[in-house]
Amino acid sequence: MKRFAALAMAMALCLSIFTGCSGKSGGSASGAAGTSDSAASGEWQPNRSVTMLVPWSAGGGSDLAVRTLVPYLEDDLGVSITVVNSTGANGWIAWNELLKADPDGYTIAQMNIPTVYSGYLDPQQNRSENLDSFALVANEISDWGCLVVKHGDSRFSDAKSFIDYAMDNELLAGDNGVGTNKHLLAEDLKANFPGIQLTEVHQAGWSDTYAALLGGHVDVGWGSIGEAIQAYQDGEVDILCVFATDRSSLLPDVPTFNEVMEGYNITSPSDRGFALPAGVDQAVYDRWVRAMDKAINNEEFIAKMAELGQAVNYMGGQDYTDYAKEQEANMSKFADILGWK
């Protein structure tokens, strides 16, 4: 079955080892990182294995972005990196694990924006942690959401037919969990189209949504371009539109939602980066920023990500931290929609 072949291919990619890393280096320090005498004693160099936490299931776009980058980081840092998928609680199983770890540079986690925000902006979560609990190292990928249906589903030919159908019929829509950018996309549509009948089905990640879509357990799925493009190219799903400011170079024939539905401005950005616990020594933090800069900007790595349908967008150190704070402020428009007030 094509689905199992695709998943097998994804897992093979997860386990593959890439070599030949080169690229530019550099970076800037983040205000979230602590300072200590170690910063003046020379460059920090790890001497044992690093654990990299991924908040999402294996085989999805977020997981593949990490596993493709890891060999380049290993080459630069000179130590092995073990990827651990700690799924659940919309990313906060992994992020709580990160924040409980010693801030010594040996535990790092993928950071997903805007998903992380709902875990503490929602008062029902009762979390004392916030963005300042992390030392934000670098952004790796910026992706855009898309509307995915099973190939050949005659109910939907484009974004407009999807909206029209959902105004009269209940649709089950798979997303990546409460407060993720996919969930917020559905809520944004509800706010813009009063009466639309979308019932959210929260999943642990794209691979689960993909399986549910092919199995007929959900009617539509919210994916990202990087996650859904392989299934689209294999003819297993159709991508009706992308929720982006412009058409994607990876899917030039697929219109944006705003093209089809003139007068609306609905987008769904998704950024994947990395964070350490706050309080990490400045020398450790700076070393990680330099390693990320070199690995993410490596031309070979960028080409591999393009093959996986993912667009590299490096931001490091303070630039990444400033961006994350700006996006956190943008989340305020969802406070009423999600009952956060």
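Structure report, in brief. For every chain, the first residue of the written sequence is number 1, and numbering continues from 1 along that sequence. Confidence filtering applies because this is a predicted model: local features only for residues at pLDDT of at least 70, side-chain atom pairs given and counted only at 80 or more, and all residues used for totals across whole chains, interfaces and linings. Derived side-chain values reflect all non-hydrogen atoms in the structure, with water molecules and hydrogen atoms excluded from consideration.

### Considering empty space enclosed by the protein
In this analysis the probe radius is 1.4 Å and the grid spacing 1 Å, with only protein atoms considered; a cavity is a set of points the probe fits into but cannot get out of, a pocket is an open set with protein on both sides within 12 Å along at least five of seven lines, and lining residues have an atom within 4 Å of a point. Grid points are joined across faces, edges and corners, and a volume is the space filled by probe spheres set on the points. Overall, the coordinates contain 2 cavities of 30 Å³ or more when judged by the stated rule. By volume, the largest cavity amounts to about 60 Å³. Taken together, Trp 56, Ser 62, Asn 112, Thr 115, Asn 176, Thr 180, Asn 181, Lys 182, Glu 227, Ser 270 and Arg 272 make up the full set of residues lining the largest cavity. For the lining of the largest cavity, a count of residues per class yields 1 nonpolar, 7 polar and 3 charged. For the second largest cavity, the full set of lining residues is Trp 56, Ser 57, Gly 60, Gly 61, Ser 62, Asp 63, Asn 176, Gly 205, Trp 206 and Glu 227. Of the residues in the lining of the second largest cavity, the class split is 2 nonpolar, 6 polar and 2 charged. When residues are sorted by character, Ala, Val, Leu, Ile, Met, Phe, Trp, Tyr, Cys and Pro go into the nonpolar class, Asp, Glu, Lys and Arg into the charged class, and all the rest, Gly among them, into the polar class.

### Let's talk about the pairing of strand E4 (residues 134-150)
Only protein chains enter the accessibility calculation, which uses a 1.4 Å probe; a residue whose area is less than 20% of its type maximum is buried, one above 50% is exposed, and one in between is partly exposed. To qualify as a helix, a DSSP run of H or I must reach at least 4 residues; to qualify as a strand, a run of E must reach at least 2; elements of each kind are numbered from the N terminus. Of all 17 residues making up E4, 15 are buried, and the element is well covered by its neighbours. The pairing criterion for strands is at least two bridges between them, as found by DSSP. Pairing analysis gives 9 bridges linking E4 to strand E9 (residues 269-277), with the strands arranged antiparallel. Residue pairing for E9: Trp 144 is matched across the bridge by Pro 269. Strand direction decides the pairing type here: E4 and strand E10 (residues 312-316), joined by 3 bridges, are antiparallel. Directly across from Ile 141, in E10, lies its bridge partner Val 312. Taken together, the 4 bridges between E4 and strand E7 (residues 220-224) define a ladder with antiparallel strand orientation. Counted as the bridge partner of Leu 147 is Trp 222 from E7.

### Structural notes on the pairing of strand E5 (residues 171-175)
Buried residues dominate E5, accounting for 4 of its 5 residues. Bridge analysis of E5 against strand E6 (residues 198-202) gives 5 bridges, and the strand direction is parallel. Residue pairing across strands places Gly 174 opposite Val 201, the latter belonging to E6. For the handedness criterion, the strands are oriented away from the viewer, and a crossover whose path from the first strand over the helix to the second runs clockwise is classed as right-handed. On the question of chirality, the crossover connecting E5 to the parallel E6 by way of helix H6 (residues 181-192) is right-handed.

### Concerning the side chain of Glu 236
Here Glu 236 is to be found in the loop between helix H8 (225-233) and strand E8 (237-243). Given a relative accessible area of 8%, Glu 236 falls into the buried group. At 2.2 Å, the side chain of Glu 236 forms a polar contact with the side chain of Tyr 210. Here a polar contact is recorded for every N or O atom pair within 3.5 Å, except that within protein the pair must consist of a potential hydrogen donor and a potential acceptor, and residues adjacent in sequence are included only if both atoms are side-chain atoms.

Fair warning: the whole summary comes from geometry, so function is off the table for now.
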